[in-house]
Amino acid sequence: MELNLQSKITEIDNLSIENFDEFVISACEIITQTADSLQPPNSRKRGKNSRYWTPNMTEILNRSKYHYWMWKQEGTSDKLSIHYQQMRVLKKKLRSEQRKIESAKRQSKFTDIMSLSDRNDKNFYTLINNQRNLRSSVTSILKYDNKIINTEEEILDTWASYYEKLATPVDNPDFDNTYKLIVEQDISALTDTYTDNRDTLAPVSEKEVVQIINSLKNGKAPDASRVTCEHLKFGGKLSLTF
């Protein structure tokens, strides 16, 4: 890994906005592939509740991260930015893909239950018990705006519409304008205080980074690039520098 990663680091001088995302993905692949090759075969076990992840979902996530990075590089918090808008669209698309997969898995379970013969009691009741498990409970009927929704597609669309509406700012005539004014004044005062009295940020040293990484807990979920804290902890000084 050291030679491959060292070779990749030499490409930093040629980095640009166009190839930055590709560079990070490639470096993460070097780290994870090397770690996988050094891992004992018997320890490669897939958890029972691991979420299924498709290549299409990985592509959507990487594109979303790219637009988020581009939005941050603009140096503003303008939510009308094309990169911010693209990031939101891709996140919504990713959630939609996840819901479709979960829906297909649930539908597959229902199909298995209905297709089992009367003589296959063991598997039949195993599936029934799994469906009765609280962790696998699902909504089969929903009432929203005095409407009854009972199909899976409509339920998903209704939840999406509900949360989108919940997160969209609106001018409500019934809102307490006096309280709103107080909140706006508090926000303005806090913003001014933070901006004017902000301490100068000192550069982060490599020693501090190492201390933080070593304090991370093992066995936690990897990120979208499959990099975990163990990769950084045990990957040697070169991976920490990277």
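Chemist: Help me out: how do you make sense of the overall build of the protein in this one?
Modeler: Within the protein, the regular secondary structure consists of 10 helices and 2 strands. Taken from the N to the C terminus, the helices and strands of the protein come in the order α-α-α-α-α-β-β-α-α-α-α-α. Here the protein holds 242 residues, and 20% of them are scored as buried. For the protein, restricting intrachain contacts to residue pairs at least 6 apart in sequence, the fraction spanning at least 24 positions comes to 47%. As displayed, the protein has an accessible area near 19300 Å², and 53% of this comes from carbon and sulfur atoms.

Chemist: Please clarify how the packing of aromatic side chains should be interpreted in this entry.
Modeler: Each aromatic ring pair is specified by the distance between its two centres and by the angle formed by the two planes. One pass over the full model with this rule turns up 5 aromatic pairs. Taking the centre distance of 4.7 Å and the plane angle of 50° together, the rings of W71 and Y84 count as tilted. Here Y84 lies in helix α4 (residues 82-115) and W71 lies in helix α3 (residues 55-73), a separation of 13 residues in the sequence. The exposure classification of W71 matches that of Y84, with both residues buried. Relative to Y163, the ring of Y162 lies with its centre 5.1 Å away and its plane at 75°, an arrangement referred to as edge-to-face. For Y163, a relative accessible area of 49% gives the class partly exposed.

Chemist: In this structure, what is going on with a nonpolar patch on the surface? I would like to understand it.
Modeler: A contiguous nonpolar patch, built from W159, Y162, Y163 and L166 and spanning about 420 Å² of accessible area, is present on the exposed surface. On the secondary structure map, Y162 appears in helix α6 (residues 152-166). The exposure class of Y162 is partly exposed, given its relative accessible area of 31%.

Chemist: Whenever I open this one, the pattern of salt bridges confuses me. Can you help?
Modeler: Think of it this way: side chains of opposite charge can pair up when their charged atoms draw near. One pass over the structure, following the stated rule, counts 1 salt bridge. K92 serves as the salt-bridge partner of E164, at 3.6 Å between the closest nitrogen and oxygen. Here the residue E164 occupies a position in helix α6, and K92 occupies one in helix α4, the gap between them amounting to 72 residues. Look at K92 and you get partly exposed, because its relative accessible area is 42%.

Chemist: Looking at this structure, I do not really get the side chain of H67. What am I missing?
Modeler: For H67, the location among the structural elements is in helix α3. On the basis of relative accessibility, which here comes to 16%, the residue H67 falls in the buried class. The residues touching H67, leaving out its near neighbours within four places in the chain, are H83, Q86, M87 and L90.

Chemist: What is the right way to look at a positive patch on the surface in this model?
Modeler: Together, K79, R88, K91 and R95 line one region of the surface with positive charge. Here R95 shows up in helix α4.

Cut-offs used in this document
- Residues numbered from 1 in each chain as written.
- Predicted model: local features only at pLDDT ≥ 70, side-chain atom pairs only at ≥ 80, totals over all residues.
- Heavy atoms only, no water.
- Helix = DSSP H or I, 4+ residues; strand = E, 2+ residues; numbered from the N terminus.
- Buried < 20%, exposed > 50% of the residue type's maximum accessible area, 1.4 Å probe, protein only.
- Contact = heavy atoms within 4.5 Å.
- Areas by Shrake-Rupley, 256 points an atom, 1.4 Å probe, with all protein chains shown as cover.
- Phe/Tyr/Trp six-rings, centres within 6.5 Å; stacked < 30°, edge-to-face > 60°.
- Patch = residues over 30% accessible without salt bridge, like charges linked within 9 Å, V, L, I, M, F, W, Y side chains within 5 Å.
- Salt bridge = Lys/Arg side-chain N within 4 Å of Asp/Glu carboxyl O.
- Lys, Arg positive; Asp, Glu negative; His and termini not counted.
- Charge placed at Lys NZ, Arg CZ, Asp CG, Glu CD.

Taken by themselves, the reported measurements are silent on function.
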